[in-house]
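# A look at the structure
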Amino acid sequence: MATFKIKRYNPEKQAEPYYEEFQYDIPAGSTVLDCMNEIKWQQDGSLTFRMSCRSAICGSCAVKVNGHATLACQKQAENMVKNDTIVLEPLGNMKPLKDLAVDFTPFWDKINKVTPYLQPRSAPPEKERRQSPAEFKMIDDTSTCIMCGSCYSDCNVLEVDDNFLGPAALAKAQRFVGDSRDSKTLERVKQLSEYGGIWDCTHCAECVERCPKPAEPFYRIKEIMAVALEKGVHDNVGARHAISFVNSVKHSGSLNENKLPVESMGFFNIKGLLELVPVGLRMLLKRKVPPILHKSIENVQDVRRIFRKLNQ
Amino acid sequence: MKFALFTGCVAKGATRELMVSTKRAAEGLGIEFIEMKSAACCGAGVISEQSPLLADALNARTVAIAEAQGLDLVTICSTCQGNLKKSECNIDSDPEYKEQINHILSEGGHQYLGGKSKIKHFANILATDEGMALLKEKIKRPLKGLKVAAFYGCYVLRPSGLSDFDDPDDPHGMEDIFAALGATPVYYPSRVKCCGFPIIMMNKTASQDMSGNALLDAIESGADCVVTGCPLCHLSLDSYQPEIEKLKKKGYSIPILHLSQLVALALGYTPKELDMDKHIVSTLKIEERLARG
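Computed from a predicted model, the values in this text were never measured in an experiment.

Conventions adopted
- Counting from 1, residues in each chain are numbered in the order their sequence is written.
- Lettering for chains starts from A, numbering for ligands starts from 1, and both go in the order in which the items are written.
- In view of the model being predicted, local features appear only for residues whose pLDDT reaches at least 70, and side-chain atom pairs are presented and counted only at 80 or more, with totals across whole chains, interfaces and linings using the full set of residues.
- Note that water and hydrogens are dropped before the side-chain values are worked out from all heavy atoms of the structure.
- Going along the chain from the N terminus, every DSSP run of H or I of four or more residues is numbered as a helix, and every run of E of two or more is numbered as a strand.
- C-alpha atoms define the radius of gyration in this analysis, and the globule rule sets the expected value at 2.2 Å times the number of residues to the power 0.38.
- The rule is simple: take the accessible area with a 1.4 Å probe, protein chains only, and divide by the maximum for that residue type; under 20% is buried, over 50% is exposed, in between is partly exposed.
- Note on contacts: a residue pair qualifies if any of its non-hydrogen atoms lie within 4.5 Å across the two residues.
- Here, a salt bridge means any Lys or Arg side-chain nitrogen found within 4 Å of an Asp or Glu carboxyl oxygen.
- Orientation is described by axes fitted as lines to C-alpha atoms, over the contacting stretch for helices, and by angles from 0 to 180 degrees between their N-to-C directions.
- Between 65 and 115 degrees an angle is taken as roughly perpendicular, under 35 as roughly parallel, over 145 as roughly antiparallel, and anywhere else as oblique.
- Helix crossings get a hand from a simple test, with the near helix turned counterclockwise from the far one by less than a right angle marking a left-handed crossing and a clockwise turn marking a right-handed one.
- Gly counts as polar in this scheme, as do all residues outside two lists: the nonpolar Ala, Val, Leu, Ile, Met, Phe, Trp, Tyr, Cys and Pro, and the charged Asp, Glu, Lys and Arg.
- Residue ranges for the domains trace back to a domain assignment, done automatically or taken from a database.
- Each patch is assembled from residues with relative accessible area greater than 30% and no salt bridge, linking like charges that lie within 9 Å and nonpolar side chains (Val, Leu, Ile, Met, Phe, Trp, Tyr) that lie within 5 Å.
- Every accessible area reported is derived by Shrake-Rupley at a probe size of 1.4 Å, with residue values counting cover from the shown protein chains alone.

## Focus: the overall build of chain B
Secondary structure summary: chain B contains 13 helices and eight strands in total. What you see for chain B is a C-alpha radius of gyration of 19 Å, in line with the 19 Å of a compact globule of 293 residues. In terms of overall dimensions, chain B has a C-alpha envelope of 60 × 45 × 30 Å along the principal axes. Taking all 293 residues of chain B together, 65% fall into the buried category. Within chain B, counting contacts between residues at least 6 apart in sequence, those at least 24 apart form 77% of the total.

## Things to note about the pattern of salt bridges
Applying the stated rule across the entire model yields 37 salt bridges over all chains. Glu20(A) is the salt-bridge partner of Arg8(A), the closest N and O atoms lying 2.9 Å from each other. Of this pair, Arg8(A) sits in strand E1 (residues 2-8) while Glu20(A) sits in strand E2 (residues 18-24), and the two are 12 residues apart along the sequence. A salt bridge links Lys272(B) to Asp277(B); the shortest N-O distance between them is 3.1 Å. Here Asp277(B) falls in the partly exposed class, since its relative accessible area comes to 33%. The structure contains a network of salt bridges with shared partners spanning Lys82(A), Asp167(B), Asp170(B), Glu175(B) and Arg191(B).

## Let's talk about the packing of helix H8 (residues 173-180) of chain B against helix H12 (residues 259-266) of chain B
Helix-helix packing is described using two parameters, namely the angle between the two axes and the distance between the axes. Residue and element names in this part refer to chain B. Two elements in contact, H8 and H12, have axes separated by 10 Å at closest approach and are oriented at 20 degrees. By the angle class used here, H8 and H12 are roughly parallel. Helix-helix and strand crossings are classified by hand; for H8 and H12 the assignment is left-handed. Each of Met174, Ile177 and Phe178 in H8 lies in contact with H12, whose residues at this interface are Leu259, Leu262 and Val263. Here the residues of the contact of H8 with H12 sort into six nonpolar, no polar and no charged.

## Section: the domain arrangement of chain A
Each assigned domain of chain A is listed with its residue range as follows: domain 1 (2-102), domain 2 (105-123 + 130-230) and domain 3 (237-311). Just the C-alpha atoms count here: the centres of domain 1 of chain A and domain 3 of chain A sit 48 Å apart.

## Details of a nonpolar patch on the surface
Together, Ile270(A), Leu274(A), Val277(A), Leu281(A) and Leu284(A) make up a nonpolar patch on the protein surface, roughly 480 Å² of accessible area in all. Within the element layout of this structure, Leu281(A) appears in helix H12 (residues 270-285).

This is the structure in structure tokens:
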């Protein structure tokens, strides 16, 4: 017998959410969603959650299981039991509506912000617009996204900044940035390089961990970054940071931590440079600053050769 | 035990106390670390923003150097660990790509074999039966009474397919080490979160809200100090701590240690020998706590 500790919420009856425990003997082979259904059907018909396909195709049943977002239909329940208990909560970073159902409005608003449709170069041809297998490969992974909201739920940046577009919308953006048939690549990467876009991703890979498909938004975000850098969209801290970093390693084989913050902020970005002063002074007073004369690694010539060979 | 030591850039720059304490910890444990002086930066996930091939080639070169030495490779930075593992995974999963990488490396006299040298974080070599036995054998000053909160650093946990921890959502390797050192581990939800360092220059408010939330969680869970295996987390949690609004509002502060410093303290080294006086947030609280026992 396992305990299902479920976060309940019904604003029409009680303002604050609370946890309710249900006892259920998990049959062999049951998914977490199977158990949720059985609890609803046998113990409490008011338990509310979204579901449909039960086959990890529709993306409806994403909830937090033991604190982390996942598709309830994709997890074997007996594997999720910890201390005889499975904890079920609504997805994070979205407002709960009732029990395990949340309001996806901000999620869809952000998808809409990235212009999630093809803007082709020419009028529709008589037949289809063709792509080579290599061109399709560029958007294959991100096309698998089922909009379940798991990445959005557990995104570490969204927990503190609503302005961030978030992993799902940025993955969707890569679907079109990487599409050989789209005509607005430059416009797209310019928009995506603004505050709240690609450079606000904190690289925590939480979205990769939560994604039930090969979409893995963090890697898609990095693909957009590469296009933005290649297209010359450099007038922002994130792009300058990447360029300074790469140049430092190209020159010495290692990171020059004294140059990186200044070059990232930009020499004419007075506000940004002033932001560096307090931490710089604190570290200076503790003699914690990196060596003024930045030393190259041994055999740095070989590292430079690799850069040259790759035209970097 | 003998390893090729990949120091990473930050241990030789802004967190030199990490390098100092790593050497002390290794000395105290009788582990031999051969520093990889010709290894390039791991790219920190930034070089791959421009060119994944370049990042993978540089990391393959690093692994090839360890392979030629016949040694497993140890890292002292979660970010280095994650990026070396990611490159290893990219290369090992695609024979044609591996061939391309080796073609790039060959003119420099390197060959990436793959799988010959394991890539391990310092925490992962200690959190084994052999490592635990070694800690228990060498410990001279049990850290009795010290309540220690782990802060893992994203890349040793995620993606879980590249992690050496059994359950990256609920790891216990660092806490097992603390217990072996005689300290009391503090479990708190934020120990597996991001410190926000990668966006400290792009979105400082969000970055410091992330580090602030994690530190508040650790403090309110009763920790005397936070211990991390990542120098970038250390910069975020220690060097920037005095300006984290969420902590300032409550008047809180908490010392942040590198894992190697905590280990070396238990091995009998003094805080001064571990450059703990170089930290931005004073570590005196830890010494007082240990004195009380």
